[in-house]
Amino acid sequence: MNFMNKKYHIITYGCQMNESDSERLAYMLDKMDYEYTDEIKNADILIMNTCSVRENADDRFFGNLGRMKNIKKENDMIIAVCGCMMQQEHIVQAIKKTYPFVDLVFGTHNIEQFPALLKRYKNSLKTVVEVLDDNTLSDPARQARRKYPFKAFVPIMSGCNNFCTYCVVPYTRGREKSRRAEEIVREIESLVEDGVKEVMLLGQNVNSYGIADKMDVSFAQLLRSIDRIDGIERIRFMTSHPKDFSDELIEVMSNSRHICKHLHLPLQSGSSRILKLMNRHYDKSSYLALTERIKAAVPEINLSTDIIVGFPSETEEDFNHTLDVVERVRYDSAFTFMYSPRKGTKAYEMPIDIEEAAIKRRFNRLLELQQENCAQSNARFIGKTVSVLTEGKSKNNPSLLTGRTD
Ligand code: 5AD
Ligand code: SF4
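In this report, the structure presented in the accompanying data block is examined. (Residues numbered from 1 in each chain as written. Chains lettered and ligands numbered in written order. Predicted model: local features only at pLDDT ≥ 70, side-chain atom pairs only at ≥ 80, totals over all residues. Heavy atoms only, no water.)

Considering the pattern of salt bridges
Consideration 1: The tally for this structure, following the rule as stated, stands at 27 salt bridges.
Consideration 2: The partner of Glu391 in a salt bridge is Lys151, with the nearest N and O atoms 2.8 Å apart. Here the residue Glu391 occupies a position in strand β15 (residues 389–393), and Lys151 occupies one in strand β7 (residues 151–155), the gap between them amounting to 240 residues.
Consideration 3: Residue Arg404 is joined to Glu391 by a salt bridge in which the shortest nitrogen-to-oxygen separation is 2.9 Å. Of the two residues, Arg404 sits in strand β16 (residues 401–404) while Glu391 sits in strand β15, which places them 13 residues apart along the sequence.
Consideration 4: For Arg404, a relative accessible area of 43% corresponds to the partly exposed category.
Consideration 5: Here the salt bridges do not stand alone but share partners, grouping Asp21, Arg24, Glu112 and Arg173 into one network. (Salt bridge = Lys/Arg side-chain N within 4 Å of Asp/Glu carboxyl O. Helix = DSSP H or I, 4+ residues; strand = E, 2+ residues; numbered from the N terminus. Buried < 20%, exposed > 50% of the residue type's maximum accessible area, 1.4 Å probe, protein only.)

Focus: the site of ligand 1
Consideration 1: Close to ligand 1 lie Val53, Arg54, Tyr166, Gln268, Asp306, Ile308, Phe337, Met338, Tyr339, Ser340 and Arg342.
Consideration 2: Between ligand 1 and Ser340 there is a distance of 2.7 Å, counted from a nitrogen atom to a backbone nitrogen or oxygen.
Consideration 3: Look at ligand 1: alone it shows 400 Å² of surface, and the protein chains cover 86% of it.
Consideration 4: Where the shell around ligand 1 is concerned, the elements lending two or more residues are β13 (302–309) and β14 (333–338). (Near = heavy atom within 4 Å. Polar contact = N/O pair within 3.5 Å; in protein donor to acceptor, adjacent residues only side chain to side chain. Areas by Shrake-Rupley, 256 points an atom, 1.4 Å probe, with all protein chains shown as cover.)

Considering unusual backbone geometry
Consideration 1: Cis peptide bonds are those with omega within 30 degrees of zero, and the linkage from Met238 to Thr239 qualifies with 10°.
Consideration 2: Looking at the element boundaries, Thr239 is found in the loop between β11 (234–238) and α8 (247–255).
Consideration 3: Phi at Leu125 takes a positive value of approximately 55°, unusual for a residue other than glycine.
Consideration 4: Backbone geometry at Phe163 places phi at a positive 50°, although glycine is not the residue there.
Consideration 5: By relative accessible area, which is 30% here, Phe163 ends up partly exposed.

Description of the sheet that holds β7
Consideration 1: Reading across from one edge, β7-β10-β11 is the order of the three strands in this open sheet, with parallel pairing throughout. Each having just a single partner strand, β7 and β11 make up the two edges of the open sheet. The mean inter-strand angle of the sheet, taken between neighbouring strand axes irrespective of direction, is 20°.
Consideration 2: Where β7 lies against strand β10 (residues 198–202), five bridges are found, and the strand directions are parallel. Note on β10: the bridge partner recorded for Phe153 is Met200. (Pairing = 2+ DSSP bridges. Axes fitted to C-alpha atoms, helices over the stretch in contact; angles between N-to-C directions.)

Examining helix α4 (residues 114–124)
Consideration 1: Turning to α4, its buried residues are Phe114, Leu117, Leu118 and Tyr121. The buried side chains of α4 occupy one side of the element, clustering within an arc of 100° when seen end-on. Of the residues in α4, the exposed ones pointing more than 90 degrees away from the buried face are Lys119 and Asn123.
Consideration 2: For α4, the secondary structure elements touched by its buried residues are α1 (16–31), β3 (45–50), β4 (78–83), β5 (104–106) and β6 (128–130). (Arc of directions from axis to C-beta. Contact = heavy atoms within 4.5 Å.)

So, the nonpolar core
Consideration 1: Among the nonpolar cores identified, the biggest contains 67 residues, and Ile156, Ile188, Leu201 and Phe219 are the most heavily contacted of them.
Consideration 2: It is helix α6 (residues 181–193) that contributes the most residues to this core, six residues altogether.
Consideration 3: Once residues within four sequence positions are removed from consideration, Phe219 is found in contact with Ile156, Leu201, Val206, Asn207, Tyr209, Phe237 and Leu249. (Core = buried A, V, L, I, M, F, W, Y, C linked by side-chain atoms within 4.5 Å.)

Looking at the side chain of Gln88
Consideration 1: By secondary structure assignment, the location of Gln88 is in the loop between β4 and α3 (89–98).
Consideration 2: Sequence-distant contacts of Gln88, defined by excluding residues within four places in its chain, comprise Ser52, Val168, Thr172 and Lys343.

Things to note about the sheet that holds β4
Consideration 1: With parallel pairing, six strands are arranged side by side in an open sheet as β2-β1-β3-β4-β5-β6. Both outer strands of the open sheet, β2 (35–36) and β6, are each paired with one neighbouring strand and no more.
Consideration 2: Relative to β6, β5 is paired through three bridges, and the arrangement is parallel. By the bridge assignment, Phe106 is partnered in β6 with Glu130.
Consideration 3: Lying on the sheet, α1 is in contact with β1 (7–12), β3, β4 and β5; it crosses β1 at an angle near 175°.

Some remarks on the pairing of β11
Consideration 1: Of all five residues in β11, five are buried, a share of seventy percent or more.
Consideration 2: Residues of β11 alternate between two faces, with Arg234, Arg236 and Met238 on one and Ile235 and Phe237 on the opposite face, all of them buried.
Consideration 3: The pairing of β10 with β11 spans five bridges and is parallel. Bridging from a neighbouring strand, Glu198 pairs with Arg234 of β11.
Consideration 4: In this fold, β10 hands off to helix α7 (residues 219–227), which returns the chain to β11; that crossover is right-handed. (Right-handed = clockwise from strand over helix to strand, strands pointing away.)

This is the structure we're talking about:
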C-alpha cells in the first residue's frame, strides 16, 4: 500500500445502474492514483451517487449530506454529488442554497467528464456544477472497478421511454439509448478472459433494447450471442417490462445453457384500472398469461417483482387484485413500496385520496402474503444439493459462506 496516495470513498444510493456508475467513477479515481478507503473520515474525496426514485431516498441523501459538513470541517475533503437527483433543477438549487460546502455537482449524463470537472474544481477552488439535459455522450470503453473479480455489471442501454406515470426515471436518465451489440459482446468476452463467470446485463427496460435506436438486433438475439461466448457461465439481466416480453425471448431463455433461471418482472399493481392510470400498457389478465407462458417454457423459473401500494385512487378492490396476482404467480421474492409522489411526473398531479392507515394496512397484508410465498419457495431447496457461486462470508454468520444459485 502506498500511504502517499490520496483516498476516496463513494456512497451509492439506489439501483444497480447507480452501482455500475459508481464502479466506473471508482475506476477513474484509481487511474488518477487515488486509493479506495472504507472510512469516510479518511477520504480526500467523497462522491455521493444519488437516487430519486422515492422520497425517502432523497431524504436519506440530504440527511447524510448534512452530516458531511462536520466531517469536512475536521479533515478537509472534496465533496462531489452526482446521480439521478442532480438531474432535477430544484435539487441542484437546494444544494447551492443550503449545502454550499459541496464542491462538485454533476449528473447521470456526464459521468465520463468527472476527471475534467475535478481538475476544474482543483484549479478554481470554486463549486463546479455541470449537469447535462440528455445523454449525448457515450463511452464505449466503460472501464469499471468491479466489486467482485468473478461477476460484473454490463449496462446494455440507458434511459427509459416508458413514462410510467409515477416514475421519475425518464426525467433523470433521459431517453433510451442502446449500446451496439458488437461492443457489448466484445466487452463480455474480455471480462470472461479476465476471470468473470457471471454478467448482469443492465437497462431500465432491457426488452426494448435496440428499438429506439432502430438497431437490427433484438434483446433476444443479443442474449443468444452472449450465450455463445466461450467461457461464460451465467447471464442475468434486469429489468424486464411485461409489456414487450417477446415469445422469442422466452424461447431463448428455455434453450440457453447459461441464462439464469431468474426473471425480475415488475407487476406494480394487479388492478387493470390502476395499471392503466400507471401507463403500464398491460392488464391483469395479460400479465398472468405472460407468467404462465414463461412458467410453461421454463419450469424451474424463479420470479421476482416490484409492487407499489397506495397509488392515487387505489381502492380495496384494486388492492385485492394485487393480492390475487401475488397468490397466483407465487413470486419467489418481491420488492414492495408505498407510493411516493415525485415532482414532475403525471401521477404527482393526481389526488391520492386514500387514508394513510389504509395504505399501511395494505402494505403489511401484502408483505405477510409474500413472506409466506417466500418461505415456501425456499423450502423447496431443503435437503437439495445445488451449485452456487460464492460471494464471500455471510453477513449474519461469518463461519458460513454466502452465494447464489442460478
Ligand atoms: N413510488 C413508489 N415506488 C416507485 N417505484 C418507482 N417509482 C416509484 C414511486 N414514485 C418503484 C417501482 C419500480 C421500482 C424500481 O421502484 O416499483 O419498479
Ligand atoms: Fe420507471 Fe416505468 Fe421506466 Fe421502469 S419502465 S424506469 S418504472 S418509467
